[in-house]
Amino acid sequence: MLITLHSERLDLLPLAPEHADELAAALADPALHAFTGGSPATPAQWHARCTRLAAGSPDPAELWGNWVLRLRADGAITGYVQATVRPAAAEAELAWVVGTPWQGRGLATEAARTLLTHLTTAGLTTAVAHIHPDHHASARIARTLGLHPTPHTVDGEIRWQADLPHP
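First, a word on what this report is: a plain description of the structure on this page. (Residues numbered from 1 in each chain as written. Predicted model: local features only at pLDDT ≥ 70, side-chain atom pairs only at ≥ 80, totals over all residues. Heavy atoms only, no water.)

## Some points on the overall build of the chain
So the rule is basically this: Runs of H or I in DSSP of at least four residues are treated as helices and runs of E of at least two as strands, each being numbered from the N terminus. In this description the radius of gyration comes from C-alpha coordinates, and the expected globular size is given by 2.2 Å times residues to the power 0.38. Pairs of residues are marked as contacts when any of their non-hydrogen atoms sit within 4.5 Å. Residue exposure ignores everything except the shown protein chains as possible cover, and the areas themselves are Shrake-Rupley values with a 1.4 Å probe. Counted as positive: Lys and Arg. Counted as negative: Asp and Glu. His and the chain ends are not counted at all. Every charge is mapped to an atom, namely NZ of Lys, CZ of Arg, CG of Asp or CD of Glu.
Broken down by element type, the chain carries four helices and eight strands. Starting at the N terminus and walking to the C terminus, you meet the elements of the chain as β-β-α-α-β-β-β-α-β-α-β-β. Taking 167 residues into account, the globule formula puts the C-alpha radius of gyration at 15 Å, and the chain, at 15 Å, falls close to it. Judged by the C-alpha coordinates and their principal axes, the chain covers about 35 × 35 × 30 Å. The contacts in the chain between residues at least 6 apart in sequence include a share of 63% that link residues at least 24 apart. Carbon together with sulfur atoms contributes 57% to the accessible area of the chain, which is approximately 8700 Å² in total. Seen as two clouds, the 11 positive and the 16 negative side-chain charges of the chain have centres 5 Å apart.

Printed below as a string of structure tokens:
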């Protein structure tokens, strides 16, 4: 079961359909899709996505964790973090997205670090992320978290990986 996580400036709230409108507004900048493709989702598309993600993975070998980032200073939802956990491998794949108006403030790093600490405490031993080779901001976040690039690519993205410390 997902729990609310807290960092210095953020509350990481388990993703729910009621976050759809705020996520659509926070992530409406087409520039956010420069490295992933596609275009901003509508509120209706976000609602469907939130409903699907909140229901959990249909694959019993995977667990999905998705949290929206609520900035405590003003209550704004600024983005999200997610983890696809493979318990048998004690591995989690991380992803983070912060809306353009809040970028450059360290919020993605803060949220991803909070999530990584939570996963480490839960006993996971490996963290991975897949990052487009030209997405330097995400690479900086991964490096700050202790991940390092590997020679492996998936769909044109570099696999970053870290062995996590034991709690």
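Past the structure itself, the notes keep going.
## Re the pairing of strand S4 (residues 77-86)
Counted only if it meets this: Type-normalised accessible area, obtained with a 1.4 Å probe on protein chains alone, sets the label of each residue: buried when under 20%, exposed when over 50%, and partly exposed for intermediate values. Paired strands are those between which DSSP finds at least two bridges.
Summarising burial for S4: eight of the ten residues are buried, a large majority. Across eight bridges, the pairing between strand S3 (residues 63-71) and S4 is antiparallel. Along S4, the bridge assignment pairs Trp64 with Thr84. Between S3 and the antiparallel strand that follows it, S4, lie five residues; Gly75 among them carries a positive phi value of about 80°. Pairing analysis gives eight bridges linking S4 to strand S5 (residues 91-98), with the strands arranged antiparallel. Bridging across to S5, Tyr80 finds its partner in Val97. As consecutive antiparallel partners, S4 and S5 are separated by four residues, and within that stretch Ala90 has a phi angle of approximately 50°, a positive value.

## Quick notes on the pattern of salt bridges
Note the cut-off: By definition, a salt bridge exists where a carboxyl oxygen of Asp or Glu is found within 4 Å of a side-chain nitrogen of Lys or Arg.
Within this structure, the stated rule accounts for seven salt bridges. Measuring nitrogen to oxygen at the nearest pair gives 3.1 Å for the salt bridge that ties Arg86 to Glu91. Judged by its relative accessible area of 24%, Arg86 is partly exposed. According to the relative accessible area criterion, Glu91 is buried, its value standing at 13%. Measuring nitrogen to oxygen at the nearest pair gives 3.2 Å for the salt bridge that ties Arg159 to Glu91. Of this pair, Arg159 sits in strand S8 (residues 157-163) while Glu91 sits in strand S5, and the two are 68 residues apart along the sequence. In this structure, Arg159 and Glu91 share a single accessibility class: buried. One continuous salt-bridge network, built from bridges that share partners, spans Glu62, Arg86, Glu91, Glu93 and Arg159.

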